[in-house]
Amino acid sequence: GGQGFKTALMKTSLGQVTLFPVYLGSAFMLLKLMEGFGVKESYERVSKVFVPTYVAGSVFWPAANLFSESVTQSTSNNASRWWES
C-alpha cells in the first residue's frame, strides 16, 4: 500500500544522496589506482567524470531502486520465513 511505497521512496532517496556518491567515487578512484595512475592523477581524472556520471546515475538508479524496494518489500516476509525455516 501507500506505506510500503513511502518506505521504499525514503530508502531510495537516502541511498541516492549518501551511499551512491561514496560508492561512485570509491569505485572510480580504485579503478584508476589499479590502472597504475598515481593518487593525484587518479583524483584529477575522477573529478572530471564524477559529476556527469552522478547526474546520469541519478536518472536511472532511483527508478530502478524504487522498483526493487517496492518488489522486495512485498515479498520480504515470505522470503524471511523461507530463510528461517
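Note that the structure is predicted; figures quoted are calculated from it, not measured.

Draft legend 1. Molecular detail of the environment of Glu-41. Structurally, Glu-41 is set in helix H3 (residues 39-84). Sequence-wise, Glu-41 and Met-29 are twelve residues apart; in three dimensions their C-alpha atoms are separated by 9.8 Å.

Draft legend 2. Broad picture of the packing of aromatic side chains. For the coordinates displayed, the defined rule picks out three aromatic pairs. Ring geometry for Phe-50 against Tyr-54: centres 6.0 Å apart, planes inclined by 15°, an arrangement best described as stacked. Taken together, the positions of Phe-50 and Tyr-54, both in helix H3 and four residues apart, correspond to about one turn of that helix. Looking at Tyr-54, the relative accessible area reads 21%, which means it is partly exposed. Of the aromatic side chains, those joined through ring pairs into one cluster are Phe-20, Phe-50 and Tyr-54.

Draft legend 3. A look at the environment of Gly-25. Examined against the element boundaries, Gly-25 turns out to sit in helix H2 (residues 19-34). For the pair Gly-25 and Val-49, spaced 24 residues apart in the sequence, the C-alpha separation amounts to 9.6 Å. What Gly-25 contacts, discounting residues up to four positions off in sequence, is Val-46 and Phe-50.

Draft legend 4. Representation of the pattern of salt bridges within the structure. Summed over all chains, the structure comprises two salt bridges. For the salt bridge of Glu-35 with Lys-32, the shortest nitrogen-to-oxygen distance reads 3.1 Å. By relative accessible area, which is 21% here, Lys-32 ends up partly exposed. Taking the shortest distance from any N to any O, the salt bridge between Glu-41 and Arg-45 comes out at 3.6 Å. Linking Glu-41 with Arg-45, this pair stays in helix H3, spanning four residues, or about one helical turn. Here Glu-41 falls in the partly exposed class, since its relative accessible area comes to 36%.

Draft legend 5. Quick peek at a nonpolar patch on the surface. Taken together, the side chains of Leu-30, Leu-31, Leu-33, Met-34 and Val-39 define a hydrophobic patch exposed on the protein surface, amounting to about 510 Å² of accessible area. Ranked by residue count, the leading element in the nonpolar patch is H2, at four residues. Among the structural elements, Met-34 can be located in helix H2.

Reading guide: rules and limits
Residues numbered from 1 in each chain as written. Predicted model: local features only at pLDDT ≥ 70, side-chain atom pairs only at ≥ 80, totals over all residues. Heavy atoms only, no water. Helix = DSSP H or I, 4+ residues; strand = E, 2+ residues; numbered from the N terminus. Phe/Tyr/Trp six-rings, centres within 6.5 Å; stacked < 30°, edge-to-face > 60°. Buried < 20%, exposed > 50% of the residue type's maximum accessible area, 1.4 Å probe, protein only. Contact = heavy atoms within 4.5 Å. Salt bridge = Lys/Arg side-chain N within 4 Å of Asp/Glu carboxyl O. Patch = residues over 30% accessible without salt bridge, like charges linked within 9 Å, V, L, I, M, F, W, Y side chains within 5 Å. Areas by Shrake-Rupley, 256 points an atom, 1.4 Å probe, with all protein chains shown as cover.

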